[in-house]
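# Observations on the three-dimensional arrangement
Okay, here's what each chain looks like letter by letter:
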Amino acid sequence: MNYKLELNKQGAGANIIFHNIIFDFFKVNIVERYPKSMALTLSPDFVIFKVRTLNDEIINTKKGNGRVKLKGDTFLTYKEIIKVLNSYEYQNKIINRETAKQKFVDFILGLVVSNYKIN
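Summary of the structure given here. (Residues numbered from 1 in each chain as written. Predicted model: local features only at pLDDT ≥ 70, side-chain atom pairs only at ≥ 80, totals over all residues. Heavy atoms only, no water.)

## Quick look at the layout of surface pockets
Taken as a whole, the second largest pocket encloses approximately 190 Å³ of empty space. Together, Thr61, Lys62, Lys63, Asn65, Arg67, Val68, Lys69, Lys71, Ser114 and Asn115 line the second largest pocket. Counting residues per element, the ones that place at least two in the lining of the second largest pocket are β6 (68-69) and α3 (97-115). Residues that form the lining of the second largest pocket fall into these classes: one nonpolar, four polar and five charged. (1 Å grid on protein atoms, 1.4 Å probe; cavity = no way out; pocket = protein on both sides within 12 Å on 5 of 7 lines; lining within 4 Å. Points joined across faces, edges and corners; volume = space filled by probe spheres on them. Helix = DSSP H or I, 4+ residues; strand = E, 2+ residues; numbered from the N terminus. Nonpolar A, V, L, I, M, F, W, Y, C, P; charged D, E, K, R; others polar.)

Set out below in structure tokens:
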């Protein structure tokens, strides 16, 4: 499945960061909220994601919600993966960037499959 990963970096004063993964038939919007304005140094307080059509219509989860909040082990795994994508090694191409991006996309896609009814 083809995808385009958009990792957005906000300025030092921002406490919300948005990421997008755009697939052939749908897209995933990921929102990270950080405490106060220290988004560059701390890990996120919470992370939610939404699945939308390419026309920006929200697809509901299996439970009827429009979004999913990451909790528990899933949240900890997300923090580990995003830490790699924000690392010095990733930014300066010391590690294989494609492998790191693919791990992130696979993780999010697994969450989408387990939480949404995608036809």
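## Here we look at the pattern of salt bridges
Per the stated rule, a full pass over the model turns up three salt bridges. Among the ionic pairs, Asp56 bridges to Lys27, the shortest N-O distance being 2.5 Å. Here Lys27 lies in strand β3 (residues 26-33) and Asp56 lies in the loop between β4 (46-53) and β5 (58-59), a separation of 29 residues in the sequence. In this structure Lys27 comes out as buried when scored by relative accessible area, which is 16%. In this structure, Lys101 and Glu98 form a salt bridge, with 3.3 Å as the shortest nitrogen-oxygen distance. Of the two residues, Lys101 and Glu98 both sit in helix α3, three residues apart, roughly one turn of that helix. With a relative accessible area of 22%, Lys101 lands in the partly exposed category. Of the residues examined, Glu98 reaches a relative accessible area of 49% and is grouped as partly exposed. (Salt bridge = Lys/Arg side-chain N within 4 Å of Asp/Glu carboxyl O. Buried < 20%, exposed > 50% of the residue type's maximum accessible area, 1.4 Å probe, protein only.)

## Description of helix α1 (residues 72-85)
The end-to-end C-alpha distance of α1 is 21 Å, a good match for the 20 Å that 14 residues give at a rise of 1.5 Å each. Phe75, Tyr78, Ile81, Ile82 and Leu85 are the residues of α1 that are buried. Around the axis of α1, the buried residues are gathered within 130° of arc, so they sit on the same side. Turned more than 90 degrees off the buried face of α1, the exposed positions are Asp73, Glu80 and Lys83. (Expected span 1.5 Å × (residues − 1). Arc of directions from axis to C-beta.)

In short, shape yes, function no, at least from these values alone.
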